[in-house]
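Analysis of the macromolecular model
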Amino acid sequence: MGVTGLGLLGLNLHGSLYAQARRVSRARELNLYVGTYTTGKKSEGIYLYRLNMISGALSYVRTAKGVVDPSFLAVDRSRRFLYAVNEVTEFGGKPGGAVSAFSIEQGDGNLTFLNQQPSLGGAPCHLILDQTGRFLLVANYVGGNVSVLPIERDGRLGAPTELVQHQGHSVKPEQEGPHAHCVTQDHAGRYVLVTDLGLDKIMVYKFDAKKGKLRPNAEPSATLKTGAGPRHLSFHPGGKFAYVINELDSTITAFAYRQATGTLGEVQIVSTLPKDFSGKNSCAEIAVAPDGKFLYGSNRGHDSIVVFAIDEQTGRLAYVEHQPTQGKTPRHFTIDPTGAFLLAANQNSDTIVVFRINHGNGKLAATGKPTEVPSPVCLVLV
């Protein structure tokens, strides 16, 4: 599979979760795209596997080679195009990272490189498609900013239409400046929320879906506990609650979300770690199960997935279990649209582990042996 460019260098389910779950429930297999780090690693690019929806087994298909540090991926609703950040700090001889676009062959999932654009900030680490499918929103970690890129009819990326720069810092060494880590759109599509690890804030923007522009909300941010380091955000399927996993203090903050105004009200803060754990830890990914009953978060250090039950009336969390990921540094995980399986990417042990989800209590059970994949850092099922 030829891919050229920088040296070449989730699936958005808003409004289509039910249709997607029905499609997946009829499918015997799903494509799994694996984003990786390639610089100084064994990885060669973006890996494609198939997930057996009955057994949970993974089978290797192919690799899109020559893609530099495609650390986070997103696929459009039609499953025709895939987009990858290129998490570098220099692109085309200038400071900043890039974003790459690929077409997806409908028969076999093969990726064909389309084009690439600068992200206008260093180390882009997260991206999503807006609900119209016309724009790509990118969080630049080192740049501490957010950019918006238009998507052409053929899936190619146009030059950025917007760049919003964050300002400030917080108390920990990792918070010497702004570090945008995740960009998320609410269910109504009116607001874009950006978690900034360096500021201990969730920035809220009104989104112009016609022009691809961001404007600060009337209440422009929500503040988290000092030194928390907000990393990723996941909405409850109903849209009434938002959950943020905090990288630096190993907590999850639950918020009530007011969709009419794009504002957040803190509900609860819970630890992601057992009370008797005393080692070093940093959190990474967070996701709500498709049925809205359970919340999952990953611990790097404790090397586990923590599971909470969600009170769907109040949004509050109740501890269920810690499940070891059978590897080191679970950087990312994903849940299939039917809620049958959770797949965990162990970045530093080069493995992916598939867990079956118990729909009654939310607990996880490994389906088999870990699958060896070099430096896995993002998983997208389609």
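Quick notes on the rules
Residues numbered from 1 in each chain as written. Predicted model: local features only at pLDDT ≥ 70, side-chain atom pairs only at ≥ 80, totals over all residues. Heavy atoms only, no water. Phe/Tyr/Trp six-rings, centres within 6.5 Å; stacked < 30°, edge-to-face > 60°. Helix = DSSP H or I, 4+ residues; strand = E, 2+ residues; numbered from the N terminus. Buried < 20%, exposed > 50% of the residue type's maximum accessible area, 1.4 Å probe, protein only. Core = buried A, V, L, I, M, F, W, Y, C linked by side-chain atoms within 4.5 Å. Contact = heavy atoms within 4.5 Å. Pairing = 2+ DSSP bridges.

Inspection of the entire model under this criterion finds five aromatic pairs. Summarising the aromatic geometry, the rings of F135 and F207 are spaced 6.1 Å apart at their centres and angled 85 degrees between planes, so their arrangement reads as edge-to-face. One end of the pair, F135, is in strand β11 (residues 135-140); the other, F207, is in strand β16 (residues 201-208), and 72 residues separate them in sequence. Summarising the burial analysis for this pair, F135 and F207 share the class buried.

In this structure, Y33, I46, L82, Y83, L127 and L136 are the most contacted members of the largest nonpolar core, which totals 31 residues. Listed by contribution, the elements that provide at least two residues to this core are β2 (45-52), β4 (73-75), β5 (81-86), β8 (98-104), β9 (111-118), β10 (124-129), β11 and β31 (376-381). Ranked by residue count, the leading element in this core is β5, at five residues. Among residues more than four places away in sequence, those in contact with Y83 are F72, L73, A74, S100, A101, L127, L129, L136, I151, G155 and L157. Of all hydrophobic cores here, the second largest spans 17 residues; its members include Y49, L51, M53 and L58.

In this section: the pairing of strand β15 (residues 191-196). In terms of residue burial, β15 counts as a mostly covered element, since six of its six residues are buried. Burial along β15 is two-sided: the residues Y191, L193 and T195 and V192, V194 and D196 are all buried. The pairing of strand β14 (residues 180-185) with β15 spans five bridges and is antiparallel. Its bridge partner being in β15, T184 is matched across the sheet by L193. Taking the residues between adjacent antiparallel strands as the criterion, β14 and β15 are bridged by five residues, where G189 takes a positive phi near 80 degrees. Pairing of β15 with β16, which is carried by six bridges, proceeds in the antiparallel orientation. Residue pairing across strands places V194 opposite M203, the latter belonging to β16.

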